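Remarks on the overall topology
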Amino acid sequence: MSLKEMIFKRKSVRSFVNASIGPNSIARIEKFINGIKPLYPDIKVRAEIVDRESVKCICPWTTKQVVAIFTEDKPGALINVGFMFQQLDLYLADIGLGACWLGMAQWEGEKEREDGLKFVMTMAFGKPKGEGQRDDVLKFKRKNMTEISDIQDARLVPARLAPSSANSQPWYFTHEDDVIHVYCAHKGLLNKSLGSTNQMDVGIALAHMYVANEETFEFFVVENPVPVKDHTYMGSFRI
Ligand SMILES: Cc1cc2nc3c(=O)[nH]c(=O)nc-3n(C[C@H](O)[C@H](O)[C@H](O)COP(=O)(O)O)c2cc1C
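Every chain begins its residue count from 1, and numbering advances along the sequence as written. Residue-level local features of this predicted model are given only where pLDDT is at least 70; pairs of side-chain atoms are given and counted only at 80 or more, and the full residue set underlies all totals for whole chains, interfaces and linings. Only hydrogens and water are removed before side-chain values are computed, so all heavy atoms of the structure are retained for them.

Here's the deal with the nonpolar core
With 59 residues, the main nonpolar core has Ile69, Phe85, Leu88 and Phe125 as its most contacted residues. It is helix 3 (residues 77-94) that contributes the most residues to this core, 11 residues altogether. Looking at which domains feed residues into this core, each of domain 1 (3-126) and domain 2 (137-238) supplies at least three. Filtering out sequence-adjacent residues up to four positions away, Leu88 remains in contact with Ile29, Phe32, Ile33, Ile36, Val67 and Met123. The next biggest cluster of nonpolar side chains, apart from the first, holds 16 residues, and it includes Val55, Cys57, Phe70 and Cys100. Only buried residues count toward a nonpolar core. Its members are Ala, Val, Leu, Ile, Met, Phe, Trp, Tyr and Cys residues joined through side-chain atoms within 4.5 Å. Exposure is judged per residue with a 1.4 Å probe applied to protein chains only, and the accessible area is read against the type maximum: over 50% gives exposed, under 20% gives buried, and values in between give partly exposed. The numbering of helices and of strands both runs from the N terminus, where a helix is a DSSP run of H or I of at least 4 residues and a strand a run of E of at least 2. Domain delimitation follows an automatic or database domain assignment. Residue contacts are defined here by distance: any two heavy atoms, one from each residue, within 4.5 Å place the two residues in contact.

Thoughts on the sheet that holds strand 6 (residues 118-126)
Any two strands with at least two DSSP bridges between them are considered paired. Ordered in space as 1-3-6-4, the 4 strands form an open sheet in which the pairing is antiparallel. Both edges of this open sheet fall to strand 1 (45-51) and strand 4 (98-101), since each of them pairs with a single strand only. Averaged over all adjacent pairs, the angle separating strand axes in this sheet is 25°, with direction ignored. Pairing geometry for strand 4 and strand 6, over 4 bridges, is antiparallel. Following the sheet pairing, Trp101 is matched in strand 6 by Met123. Angular values range over 0 to 180 degrees, each being the angle between N-to-C directions of two axes fitted as lines to C-alpha atoms, with helices fitted over their stretch in contact.

Let's talk about the environment of Arg28
Assignment of secondary structure puts Arg28 in helix 2 (residues 23-34). With relative accessibility at 46%, the residue Arg28 sits in the partly exposed group. When the C-alpha atoms of Arg28 and Glu72 are compared, they prove to be 25 Å apart, with 44 residues separating the residues in sequence. Every residue in contact with Arg28, bar those within four places of it in the chain, is listed here: Tyr91 and Ile95.

What about the site of the ligand?
Near, as used in this document, describes a residue that has one of its heavy atoms within 4 Å of the molecule or strand being considered. Among the 20 residues in the neighbourhood of the ligand, the closest are listed as Arg10, Ser12, Arg14, Gly103 and Arg142. Between N or O atoms, a polar contact is any pair within 3.5 Å; within protein, one atom must be a potential hydrogen donor and the other a potential acceptor, and residues adjacent in sequence are included only when both atoms are from side chains. Within the side chain of Arg10, a nitrogen or oxygen atom sits 2.8 Å from an oxygen atom of the ligand. Gly103 is positioned such that a nitrogen or oxygen atom in its backbone is 2.9 Å from a nitrogen atom of the ligand. Protein contact buries 88% of the 620 Å² of open area that the ligand shows by itself. Contributions of two or more residues to the shell around the ligand are made by strand 4 and helix 6 (198-212). Here the residues of the shell around the ligand sort into 9 nonpolar, 5 polar and 6 charged. Shared between two domains, the shell around the ligand takes at least three residues from each, and those domains are domain 1 (3-126) and domain 2 (137-238). Note on areas: Shrake-Rupley, 1.4 Å probe, and residue coverage restricted to the protein chains presented here. Three classes are used, and their members are as follows: Ala, Val, Leu, Ile, Met, Phe, Trp, Tyr, Cys and Pro are nonpolar, Asp, Glu, Lys and Arg are charged, and the others, Gly among them, are polar.

Examining the sheet that holds strand 8 (residues 179-185)
If you trace the 4 strands from one edge of the open sheet to the other, you get 7-8-10-9, paired in antiparallel fashion. At either end of the open sheet lies a strand with only one pairing partner, and these are strand 7 (171-176) and strand 9 (218-220). Ignoring strand direction, the axes of neighbouring strands in this sheet form an average angle of 30°. Where strand 9 lies against strand 10 (residues 231-238), 3 bridges are found, and the strand directions are antiparallel. When the bridges of strand 10 are listed, Glu218 appears paired with Arg238. Sitting on the sheet, helix 6 is in contact with strand 7, strand 8, strand 9 and strand 10, with an inclination near 150° to strand 8.

Brief notes about the packing of aromatic side chains
What describes a pair of aromatic rings is the distance from one ring centre to the other and the angle between the planes of the rings. Classification of ring pairs rests on two measures: the distance between centres of Phe, Tyr or Trp rings, Trp counted by its six-membered ring, which must be within 6.5 Å, and the angle between planes, read as stacked under 30 degrees, edge-to-face over 60 and tilted in between. For the structure shown, the criterion picks out 11 aromatic pairs. Where Phe70 meets Trp107, the ring centres are 5.2 Å apart and the plane angle is 85°; that geometry is what we call edge-to-face. Taken together, the residues Phe70 in strand 3 (residues 65-71) and Trp107 in strand 5 (residues 106-107) connect sequence positions 37 residues apart. Each member of the pair Phe70 and Trp107 is classed as buried. Here Trp107 falls in the buried class, since its relative accessible area comes to 12%. Chaining the aromatic ring pairs together yields one cluster made of Phe83, Phe173, Tyr210, Phe217 and Phe237. Any Lys NZ or Arg CZ that is within 6 Å of a ring centre and within 35 degrees of that ring's normal is treated as a charge sitting over the ring. Over the ring of Phe70 we find Arg113, and its NZ or CZ is 3.9 Å from the ring centre.

Here you go:
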């Protein structure tokens, strides 16, 4: 299939066959990771496939390996990580594996890295036990288009189907000529630290817009965005 088709089929996989993924598949995954498109190319990001024991998590994940993600702590870091690694989530589904973003996992490895990057997120992956994909788009539990956009826009369906932390779907889109602006709903207190995931969620939704419009997707930040109540402006794009 293709990454684009996976937007309409993927799901978070939380049940895995308890077996390691072999070296050939790991090499393919690492090659894909090295080619992922960033939203902010100047932010340094690294991802490492590590043993499950490298992270502490109360959930009963039976994977042998997880992807640990590290980033420079800079403005835009979270949206960038979401944008980059949602492409990996779609790729893993496309090669018949299952994956789940794992915000609740804590890093058990070295605290200070030589490259100075900070641990930010884990993605569990492995061979799914049972069905690893949705067979019907109606099985996605998501907000209506009117809750996430100022107008009905079928082009935003890929973003609407994106996964998010606790399915919070914090994204909101407004339209101005051929430009779409994207905002992030405030989550109680304004979370600006690396610990916050709602900006990562917005990056995840943008990844779906990129994958669905690979040739034309163009992201940029405007100087004076129109404010949207209880939301933070995150950026704008053309497709
Ligand atoms: C940034 C992020 C962190 C997440 N963390 C967890 C987690 O710690 N545990 C978990 O079971 N699911 C986690 N999820 C999965 C979401 O709960 C899931 O994406 C959402 O409920 C939508 O379901 P779907 O992915 O099957 O479409 C996370 C998702 C995202 C995007």
